[in-house]
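Residues per chain, in single letters:
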Amino acid sequence: MSATDVGAKGKGKGLAGLQRFGRSLMLPIAALPAAGLLSRLGQDDLLGKDGLGWDKVAAVLGAAGGGLFDWLPLLFAVGIAVGFARKGDGSTGVAAVVGFVVFNKVVQVFAPIKELEGFKEGWFLAPIYWPYSVLGGVIVGLVTAVLWQRFHRIKLPPYLAFFGGRRFVPIINSLVLLVLGVIFGLVFEYVNAGIHNLGEIVTGNAVVGGGIYGFLNRLLIPIGLHQLLNVPVWFIFDGGDLTNFMVKADPTAGTFMTGFFPIFMFALPAAALAIWQSAQPSQKKVVGGVMIAAAFTSFLTGVTEPIEFAFMFVAWPLYLIHALLTGISLALVNALDIHLGFNFSAGAIDFALNSTSKQASSNVWLLLVIGVIYAAIYYVLFRWVITKWNIRTPGREDDSVEQDLEATAAKNR
């Protein structure tokens, strides 16, 4: 076999792995729109005590949606493990759960789960956070899938035969993820401190600081550490931006919130439309169902994860562009002296509820103009980047590559 053949085979394996990874993300992503809607409907200002007064109904819906978000890392761990492993089955999911528990408990020896200071009771994705959040789930899922493929047919000596095959995978998985948990736990202290220091820096200037914050906020979503930036700027520094808007009706508040409205209500739904339209004809129906639901959720509630998780890992150049454009949005609205805040997130519900606050909100109508412009930019840019660079967003996987590799492997066995 020539060096060219070896290189082509290696490239093909990498491409097939990336495609399997992309497909495996769709299972947990499909659960997020429902989680977002349930969480938003369960807030006090809608069905709760400050809205319709249906406290028990709100509590039930909020608990259901919040529970899904609380355990989002586990959903990704199991979904990726089963979806990424070739011919994965229920035992793959069990191994992923075992690995997830071990990994997170070991990480928490160094970075315990705790309440985030300043967060209100029942606030979105609060009052606890998982160290590394979804990134931890992705790591567990990939490690589990690789180990399952490698060891699910292993044969042990007769006196250990019971622990052979699929039963061996949770054992080896827990040991590997124990080691990884120690490594990630030791590093977490420095990551945490660095992000907190950044939070102090960005509060100095509304335009520059808002832009830096918006960029880093989106950039940290994949590892779930964006909350470490949110807490200082929303609840601590200078009284807290969110607190100043919602409680004190401060007309200067909104520096670290306003710029998210054009992104969450317009830009990301347009990106979801671009992903849907870029899918292969045979996949458009399936991808369209997920993306339309995700776009509606982002627009209405401001829950963006269903869209962002669809491309942040498999199309990281697009995600960097998205983070940069988010930062520009926050800088722009601050330069134009636009002020609006949210209680939950920057969706249409909070836009409607809070834009009527004459004391704290100002120039709100400009957000709609900026949002429409951003929607056009996102749609054109995403369509162009996806097709120009042939990025494997959902629905663009080429199964023939993986099938050829599996056929070659079968012949060599």
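Just above, that's the structure.
Below is a summary of the structure that appears in this document. What you see is a predicted model, and the numbers here were worked out from it, not measured in a lab. (Residues numbered from 1 in each chain as written. Predicted model: local features only at pLDDT ≥ 70, side-chain atom pairs only at ≥ 80, totals over all residues. Heavy atoms only, no water.)

1. Examining the packing of helix α8 (residues 206-219) against helix α14 (residues 316-335)
Between α8 and α14, the least distance of the axes is 7 Å, while the angle of their chain directions is 155 degrees. Viewed along their axes, α8 and α14 adopt a mutual orientation that is roughly antiparallel. In this structure, α8 crosses over α14, and the sense of that crossing is right-handed. Within the contact between the two elements, α8 uses A206, V207, G210, G211, Y213, G214, F215, R218 and L219 and α14 uses Y319, L320, H322, A323, L324, T326, G327, L330, A331, N334 and A335. Classifying every residue of the contact of α8 with α14 gives twelve nonpolar, seven polar and one charged. (Axes fitted to C-alpha atoms, helices over the stretch in contact; angles between N-to-C directions. Helix = DSSP H or I, 4+ residues; strand = E, 2+ residues; numbered from the N terminus. Parallel < 35°, antiparallel > 145°, perpendicular 65-115°, else oblique. Left-handed = near helix turned anticlockwise from the far one by under 90°. Contact = heavy atoms within 4.5 Å. Nonpolar A, V, L, I, M, F, W, Y, C, P; charged D, E, K, R; others polar.)

2. Digging into the environment of D45
Mapped onto the fold, D45 is located in the loop between α2 (32-41) and α3 (55-70). Separated by 299 residues in sequence, D45 and F344 have C-alpha atoms that sit 9.4 Å apart. Beyond its immediate stretch of four places on either side in the chain, D45 contacts R40, D50, G51, N343, D350 and L353.

3. Structural notes on the packing of aromatic side chains
For the structure on display, the rule yields 17 aromatic pairs. Aromatic side chains W234 and F342 sit 5.4 Å apart centroid to centroid with 85 degrees between the ring planes, which places their arrangement in the edge-to-face category. One end of the pair, W234, is in helix α9 (residues 227-236); the other, F342, is in the loop between α14 and α15 (348-354), with 108 residues separating them in the sequence. Feature note: the residues F311, Y319, Y374, Y378 and F382 constitute an aromatic cluster, connected by ring pairs. The positively charged end of R150 is found above the aromatic ring belonging to F151, 4.9 Å away from the centroid. Cation over ring: R167 sits above F162, and NZ or CZ is 4.3 Å from the ring centre. (Phe/Tyr/Trp six-rings, centres within 6.5 Å; stacked < 30°, edge-to-face > 60°. Lys NZ or Arg CZ within 6 Å of the ring centre and 35° of its normal.)

4. Thoughts on the packing of helix α11 (residues 260-278) against helix α12 (residues 284-301)
Two elements in contact, α11 and α12, have axes whose closest approach is 9 Å; the angle formed by their N-to-C orientations is 180 degrees. In terms of orientation, α11 and α12 fall into the roughly antiparallel class. Seen from α11, the contacting residues are F264, M265, L268, P269, A272, I275, W276 and Q277; seen from α12, they are K284, V287, G288, M291, I292, A295, S298 and F299. Taken together, the residues that form the contact of α11 with α12 break down as twelve nonpolar, three polar and one charged.

5. Comments concerning the side chain of T92
Here T92 shows up in helix α5 (residues 90-110). A residue is classified by how much of its surface remains accessible, and T92, at 0% relative accessible area, is buried. Those residues in contact with T92 that sit more than four places away from it in its chain are A81, V82, A85, T144 and W148. (Buried < 20%, exposed > 50% of the residue type's maximum accessible area, 1.4 Å probe, protein only.)

6. Remarks on the environment of G181
By secondary structure assignment, the location of G181 is in helix α7 (residues 168-201). Between the C-alpha atom of G181 and that of F103, which follows or precedes it by 78 residues, the distance is 4.7 Å. Other than its neighbours up to four places away in sequence, G181 contacts F103, V106 and V107.

7. Regarding the nonpolar core
Ranked by internal contacts, the top residues of the largest apolar core, which has 97 residues, are F76, W234, F309, F311 and Y378. For this core, the leading source of residues is α11, giving 13 residues. Both domains that furnish three or more residues to this core are identified here as domain 1 (12-204) and domain 2 (225-412). The residues touching Y378, leaving out its near neighbours within four places in the chain, are I263, A267, L268, A270, A271, H322, L325 and T326. (Core = buried A, V, L, I, M, F, W, Y, C linked by side-chain atoms within 4.5 Å. Domains from an automatic or database assignment.)

8. A few points about the environment of P112
Here P112 lies in the loop between α5 and α6 (133-151). Take P112: its relative accessible area is 47%, and that puts it in the partly exposed class. A sequence separation of 19 residues divides P112 from P131, and the C-alpha atoms of the two residues are 7.8 Å apart.

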